[in-house]
Amino acid sequence: MTATIRTARVWRRSAAVVAAGALAAAGLSACSSSGSGTSAGAGSTANASSIAAALQKKSTITVWAWAPQDKDIVAAFEKQYPNVTVNLVNAGSSTTEYTKLQNAIKAGSGIPDVAQIEYYALPQFSLAGSVQSLDGYGLDSLKSDYSQAVWDAIEVNGNLDAVPQDTGPMALFYNEKIFKQYGLTVPTTWDQYVADAVKLHAANPNEYITSDTGDPGFATSMIWQAGGKPYTVSGATSVTVDTKDAGTAKWAAQWDQMEEKGLLSQVSGWTTQWFNGLGNGTIATLVTGAWMPDNLETSAAAGSGDWRVAPMPTYTSGGTAASAENGGSSYAVMKASSNALVAAGFEQFLATQPGETILANEGGFPALNSILNSSSFLDQAPAYFGGQKINEVLSAAAASVLPGWSYLPFQVYANSIFPDSVGKAYENKTDIAAALSTWNNASATYGQQQGFTVTVK
């Protein structure tokens, strides 16, 4: 199937800081087991034919999701499978939904059949036994349709626990007008990026290379791009936290040069002032996910024609292209679903050509390789970016995301305490590396309290 895919995208960043609340207490608590009916549990022989048969019967599933494209995806699914009714519920985005989901799991009632869960939060539900392994549903056959990094994100403890929808491979968004005005070279290394930051701010103290006030989602993505692997998860309960991780140290040393010297704008992200800075060029670059273009077009319209996209800088000259994910969501069948075959059929529809085409047409950045590599996607040349074929860069970024990254099985809580240590380092312009170590130790302590066996190195 081919499709004409428009340029617009929708903001899909991972939540930066969240309240601990009920979600933080998820720990190792497991939900109820699968119900009867058309469910299929671990070790099931469910396959394409059994899913197809289930989709022909009268049934209803409930899906919790906030992605704006899902309304049309559901409509297309119901048109193709008229016997199935999908009750689409927006229970809130990101951590708002997760808190409600965790409360439903604890209560043992009101649990949806399918839930949208961002990649960084999936392990917290997977390792608590709250989602249904999809290994017995034949969906593992989709593996070659996605990048290894995307598949890594949905395979937890050796189990396929969700399907991918959108992704956020990172790239360097930069204001070409500002770069030309101040004689800056588009950096291919992080050393060059720091040099640009120094040169720009020296030429005009009101200009900054970028804005960063401390965001755990950004920090972990940057550590990922630096080749870091600070977290290792073995089995359902064993976690290793490496406070001396080389990639973490590499990124922190690079970023400290700008943070301690006041070369980072302290304008908070996603505020009117921030978008104004992007529009007028006082914030000259963003290192962020592929979902950013529509946000710039919509909220920083004054910068139209000035912005361009380049690959992420590397740590060595001529280094191999390397990116990381920053945002993106999966869809999991909940363990308590009594209609898991139909839920799995919906997920397959959502994660393959029918659903992914709708997602891309309506502004999402897709995970499916066939769309990322299609000419209709790659040949787009949005005017906001001066006619540059930005999807060529962004699709290449998706292909260069480093594999092997793991989040903590309590990452949602860990992100909530990020301001207590790393956030203060940004405020006080002190060592980021030391603050990251403090953060990781505090996160590890929480994990131990929740029943995980956590080894700190």
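This text follows the structure it describes.
In what follows, the accompanying structure is described. (Residues numbered from 1 in each chain as written. Predicted model: local features only at pLDDT ≥ 70, side-chain atom pairs only at ≥ 80, totals over all residues. Heavy atoms only, no water.)

### Points about the overall build of the chain
Applicable threshold: Numbered from the N terminus, helices here are DSSP runs of H or I no shorter than four residues, and strands are runs of E no shorter than two. For every residue, the accessible area (1.4 Å probe, protein chains only) is compared with the maximum for its type, and the residue is labelled buried under 20%, exposed over 50%, or partly exposed between those bounds. Pairs of residues are marked as contacts when any of their non-hydrogen atoms sit within 4.5 Å.
A tally of regular secondary structure across the chain gives 20 helices and 14 strands. Counting the 457 residues in the chain, one finds 58% classified as buried. Partitioning the intrachain contacts of the chain with sequence separation of at least 6 by distance along the chain shows that 80% fall at a separation of at least 24.

### Some details on the packing of helix α8 (residues 190–203) against helix α10 (residues 246–259)
Quick reminder of the rule: Axes, fitted as lines to C-alpha atoms, cover a helix only where it is in contact. Angles between the N-to-C directions of the axes lie from 0 to 180 degrees. Orientation is classified from the angle alone, with under 35 degrees giving roughly parallel, over 145 giving roughly antiparallel, 65 to 115 giving roughly perpendicular, and any other angle giving oblique. Residue type decides the class: Asp, Glu, Lys and Arg count as charged, Ala, Val, Leu, Ile, Met, Phe, Trp, Tyr, Cys and Pro as nonpolar, and the leftover types, Gly among them, as polar.
Where α8 meets α10, the axes come as close as 10 Å, and the angle between the chain directions of the two elements is 5°. Between α8 and α10, the angle falls in the class roughly parallel. Here Trp190, Asp191, Tyr193, Val194 and Ala197 of α8 lie close against α10, whose contacting residues are Gln254, Trp255, Gln257 and Met258. Residue classes in the contact of α8 with α10 are distributed as 6 nonpolar, 2 polar and 1 charged.

### Comments concerning the sheet that holds strand β14 (residues 453–456)
Condition: Note on pairing: DSSP must find at least two bridges between two strands before they are called paired.
Reading across the sheet, the 3 strands line up as β8-β9-β14 and stay open at both edges, with mixed pairing between neighbours. Of all the strands in the sheet, the pair left with one neighbour each is β8 (231–234) and β14. Taking each pair of neighbouring strands and ignoring which way they run, the sheet shows an average axis angle of 15°. Its contacts with the sheet place helix α20 (residues 432–449) against β8, β9 (238–241) and β14, and it is angled at close to 155° to β14.

### A word on the packing of aromatic side chains
So the rule is basically this: Geometry of aromatic contacts follows a simple scheme: Phe, Tyr and Trp rings, the Trp one being its six-membered ring, pair when their centres are within 6.5 Å, and the pair is stacked under 30 degrees between planes, edge-to-face over 60, tilted otherwise. Here, over-ring charges are defined by two tests on the NZ atom of lysine or the CZ atom of arginine: distance to the ring centre within 6 Å, and angle to the ring normal within 35 degrees.
Evaluated as defined, the whole model comprises 30 aromatic pairs. Sitting over the ring of Tyr315, Lys250 keeps its end group 5.2 Å from the ring centre.

### Here's the deal with the pairing of β9
Burial along β9 is one-sided: Val239 and Val241 are buried, while Ser238 and Thr240, pointing the other way, are not. With 4 bridges joining them, β8 and β9 adopt antiparallel strand pairing. Following the sheet pairing, Tyr231 is matched in β9 by Val241. Here β8 hands over to β9 after 3 residues, with Gly235 in that stretch at a positive phi of 65°.

### Observations regarding the side chain of Glu347
Test applied: The definition of a polar contact used here is a pair of N or O atoms within 3.5 Å, where within protein one atom must be able to donate a hydrogen and the other to accept one, and adjacent residues in sequence count solely through side-chain atom pairs.
With respect to the element layout, Glu347 can be found in helix α13 (residues 340–351). A polar side-chain atom of Glu347 sits 3.2 Å from the main-chain amide nitrogen of Ala332.

Any functional reading would require information beyond the geometric quantities listed.
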